[in-house]
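# Structure assessment
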Amino acid sequence: MLTISLIFGLVVALCCCVWLILGTRRRRPEEPPVENGVIPYLGCALQFGANPLEFLRARQKKYGQIFTCKLAGKFVHFLTDPFSYHSVIRQGKHFDWKKFHFSTSAKAFGHSSMDPSDGYTTENLHQTFIKTLQGDSLGSLIENMMENLQLVMLQSNTLKVASREWQTDGLYAFCYRVMFESGYLTLFGKELSSQGDKIAARQEAQRALILNALEHFKEFDKIFPALVAGLPIHVFKTAYSAREKLAEGLLHENLRKRDNMSDLISLRMFLNDTLSTFDDMGKAKTHLALLWASQANTLPATFWSLLYTIRNPDALRAATDEVHRVLEKASQKVSLDGKHISLKREELEDMPVLDSIIKEAMRLSSASMNIRVAKEDFTLHLDGNESYAIRKDDIIALYPQMVHLDPEVYEDPLTFKYDRFLDENGREKTIFYHKGRKLKYYYMPFGSGITMCPGRFFAVHEIKQFLCLLLSYFEMELVDKNVKLPTLDQSRAGLGILQPTHDIEFKYRLKSP
Ligand code: HEM
């Protein structure tokens, strides 16, 4: 008995020694201060995950503008001074931005690596995104989204708008349904009709398919943070099956039956077929990654933008006035006789109040993390002549929520101010200060530099279109006008716009013509 206890004790002691020698890091000269945490492998991951903002603020106070934390086996250098952000965003040569992104995507969606250096494809994804989400392609995305939003809001049975009675719904559920369905149709097009199909029956079949996809998307999205953290999807049976079903709907043989697909998806299909060695399901999963990228942040961002607008009488008045002004200038009339409102890109871009509302809503709800991986040992030069030694394969991270909620940059940072991003002439405000110096990086929900979201222009336009149409066609009220704001679901911190922890009831009805 004694011998077994002794052996067990020795094994535990040995494991602790191995962990102390291999798993913890000793700070070398010139390196940032380091915190190894107390849990083997995880390091500080649990404390960080519980409340990243508080965790980082406390370390910033203790260590200064840069410090290193062990998180799930990786050493992450957090850079907290926004004046030093450029040293990461602009210094491309020491950083690899692809490795982390490609491996995360492959892990979460289940496709083979999209990194050309791994040999499965020669596609330059970055170029594909820029070509098909910006420039001329953006115009057709916006045009189709405007049409699809009105189809979903007014013609399909997604909303109960047949009578003029008030309808009660969860605000998040409402935004989710309308934006998911419209966004899906805009990216992946509509199913081609068979001859003899009645339009109404075709629309209903289409809707049923997308609503099915929506349920699978929710199921899969719930475990997305766990997948990014490295847990295998097979642990989550329902989510795994949801992911596979979503991908099946995006097989090339199914997409070929669809009409009016976005440039993004048609080009990606072509490049999957010509430049890659992916199998059919692998190709479908690369489209699933795009479905996720196009919806996961847009859905909560739309919710926060609408909630803050209808909760704030000044914002609601200013937004409604702006929408009327732009519709009038574009000679567009709101009618319920089937003729849709059409606004061109330039007209949508002439809406500084809606722009400011959307920016402010995202400032308050965004918690993205900008990540780069060190390609080699090198010296990182920060603002104010400080330099630090960085080791190969370490991660450098920026956490812009620290700037978004810094009272020195944004006075009263937790309060929604609809005109925060408007200057004295009512145009976009771009000048913000920190410690008396003008800031370059004050607003970063879309990331930064080379990894900045390529869909950001479309994202802002589609949220603006959604608000514009709702304010034109509907009356809306919160069921409880004094309802408290839902808190932010921190389990997704680091991944983008945070979701609300619970929904808020609101009611809506069509305006009288
Ligand atoms: C409010 C809405 C959105 C937000 C806040 C958002 C934010 C982001 C962020 C933070 C990243 C990662 C940047 C990084 O790693 O540093 C990203 C990547 C990406 N986003 Fe968005 N996004 C939004 C909407 C969209 C939409 C509508 C699309 C497409 C239609 C889109 C397409 C993409 C793609 C393809 C990437 C990956 C880019 C790459 O790996 O090169 N996003 N987005």
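Residues numbered from 1 in each chain as written. Predicted model: local features only at pLDDT ≥ 70, side-chain atom pairs only at ≥ 80, totals over all residues. Heavy atoms only, no water.

The name an unreviewed UniProt entry assigns to the chain is Cholesterol 7-alpha-monooxygenase, from the organism Pleurodeles waltl. Of the comments in the UniProt record for the chain, the one headed Cofactor (unreviewed entry) reads "heme". (UniProt positions renumbered as here; feature names shortened; annotations may be inferred.)

Where burial is concerned, the two faces of strand E12 (residues 395-398) agree: the one with Ile 395 and Ala 397 and the one with Ile 396 and Leu 398 are both buried. Across four bridges, the pairing between strand E3 (residues 74-79) and E12 is parallel. Across the sheet, Val 76 pairs through a bridge with Ile 395, a residue of E12. When strand E9 (residues 370-374) meets E12, the two strands line up antiparallel, connected through four bridges. The residue of E12 that forms the bridge with Val 373 is Ile 395. (Buried < 20%, exposed > 50% of the residue type's maximum accessible area, 1.4 Å probe, protein only. Helix = DSSP H or I, 4+ residues; strand = E, 2+ residues; numbered from the N terminus. Pairing = 2+ DSSP bridges.)

Before going further, it helps to spend a moment on the side chain of His 404. Among the structural elements, His 404 can be located in helix H19 (residues 401-404). The class for His 404 is buried, based on a relative accessible area of 1%. A polar side-chain atom of His 404 sits 2.9 Å from the main-chain amide nitrogen of Met 444. If sequence neighbours within four positions are ignored, His 404 has contacts with Arg 363, Ser 366, Tyr 410, Pro 413, Tyr 442, Tyr 443, Met 444 and Pro 445. (Polar contact = N/O pair within 3.5 Å; in protein donor to acceptor, adjacent residues only side chain to side chain. Contact = heavy atoms within 4.5 Å.)

This part is about a nonpolar patch on the surface. Residues Val 38, Ile 39 and Leu 46 make up a contiguous nonpolar surface patch of roughly 290 Å² in combined accessible area. Considering the arrangement of structural elements, one finds Ile 39 in the loop between strand E1 (34-35) and helix H2 (45-50). Given the relative accessible area of 31%, Ile 39 is considered partly exposed. (Patch = residues over 30% accessible without salt bridge, like charges linked within 9 Å, V, L, I, M, F, W, Y side chains within 5 Å. Areas by Shrake-Rupley, 256 points an atom, 1.4 Å probe, with all protein chains shown as cover. Salt bridge = Lys/Arg side-chain N within 4 Å of Asp/Glu carboxyl O.)

A few words on the packing of aromatic side chains. Here the distance between the centres and the angle between the planes together describe a pair of aromatic rings. Under the criterion given, the structure shown has 30 aromatic pairs. Here the aromatic rings of Tyr 63 and Phe 67 are separated by 6.0 Å at their centres, their planes lie at 40°, and the arrangement is tilted. Consider the rings of Tyr 85 and Tyr 441, whose centres lie 6.4 Å apart with planes at 45°: the pair is tilted. On the criterion of sequence distance, the pair formed by Tyr 85 in helix H4 (residues 85-89) and Tyr 441 in the loop between strand E14 (437-438) and helix H20 (456-473) is long-range, its members being 356 residues apart. (Phe/Tyr/Trp six-rings, centres within 6.5 Å; stacked < 30°, edge-to-face > 60°.)

The next subject is helix H15 (residues 298-311). Taking 1.5 Å per residue, 14 residues should reach 20 Å; H15 reaches 20 Å between its end C-alpha atoms and fits that length. With 13 of 14 residues buried, H15 lies mostly within the body of the structure. (Expected span 1.5 Å × (residues − 1).)

Another point: the UniProt feature "binding site: heme" (unreviewed entry) in the chain. Here the UniProt-annotated "binding site: heme" (unreviewed entry) positions come out as Cys 453. One can find Cys 453 in the loop between E14 and H20. A relative accessible area of 28% places Cys 453 in the partly exposed class.

On to the site of the ligand. What surrounds the ligand is a group of 21 residues, the closest being His 101, Phe 446, Thr 451, Cys 453 and Glu 462. In the model, an oxygen atom of the ligand is placed 2.6 Å from a nitrogen or oxygen of the His 101 side chain. Measuring from an oxygen atom of the ligand, one finds a side-chain N or O atom of Thr 451 at 2.7 Å. Every element with two or more residues in the shell around the ligand is listed here: helix H6 (125-133), helix H14 (280-295), H15 and H20. A per-class count over the shell around the ligand returns 13 nonpolar, seven polar and one charged. (Near = heavy atom within 4 Å. Nonpolar A, V, L, I, M, F, W, Y, C, P; charged D, E, K, R; others polar.)

A few words on the layout of surface pockets. A volume near 790 Å³ is recorded for the second largest pocket. If you go around the second largest pocket, you meet 28 residues; those closest to its centre are Lys 359, Glu 428, Tyr 443, Phe 457 and Val 460. Those elements giving two or more residues to the lining of the second largest pocket turn out to be helix H18 (352-365) and H20. Residues belonging to the lining of the second largest pocket are distributed by class as follows: 14 nonpolar, five polar and nine charged. (1 Å grid on protein atoms, 1.4 Å probe; cavity = no way out; pocket = protein on both sides within 12 Å on 5 of 7 lines; lining within 4 Å. Points joined across faces, edges and corners; volume = space filled by probe spheres on them.)

Taken together, the six strands give an open sheet; going across it, the order is E1-E2-E3-E12-E9-E4, and neighbouring strands pair in mixed fashion. The open sheet has two free edges, formed respectively by E1 and strand E4 (95-96), since each of these has just one partner strand. Inspection of the sheet shows E1 paired to strand E2 (residues 66-71) by two bridges, in the parallel sense. Each bridged residue has a counterpart across the sheet, and for Glu 35 the counterpart in E2 is Cys 69. Contacts between helix H3 (residues 52-63) and the sheet are confined to E1, E2 and E3, with E2 contributing the most and set at about 135° to the helix. (Axes fitted to C-alpha atoms, helices over the stretch in contact; angles between N-to-C directions.)

Relative orientation of the contacting elements helix H13 (residues 263-275) and H14 amounts to 150°, with a least axis distance of 10 Å. One finds that H13 runs roughly antiparallel with respect to H14. As H13 runs across H14, the sense of the crossing is right-handed. For the pair H13 and H14, contact is made by Leu 264, Ile 265, Arg 268, Met 269, Asn 272 and Asp 273 and by Lys 283, Thr 286, His 287 and Leu 290, respectively. Its residues assigned to classes, the contact of H13 with H14 shows four nonpolar, three polar and three charged. (Parallel < 35°, antiparallel > 145°, perpendicular 65-115°, else oblique. Left-handed = near helix turned anticlockwise from the far one by under 90°.)

Those residues of H6 that fall on the buried side of the exposure criterion are Leu 125, Thr 128, Phe 129, Thr 132 and Leu 133. Buried residues of H6, viewed axially, fall in a sector of 95°; they line one side. Exposed and oriented more than 90 degrees from the buried face of H6 are Gln 127 and Lys 131. Turning to H6, the residues buried within the fold contact helix H5 (98-109), helix H7 (136-155), H13 and H14. One or two steps after H6, the chain reaches Gly 135, where phi turns positive at roughly 60°. (Arc of directions from axis to C-beta.)

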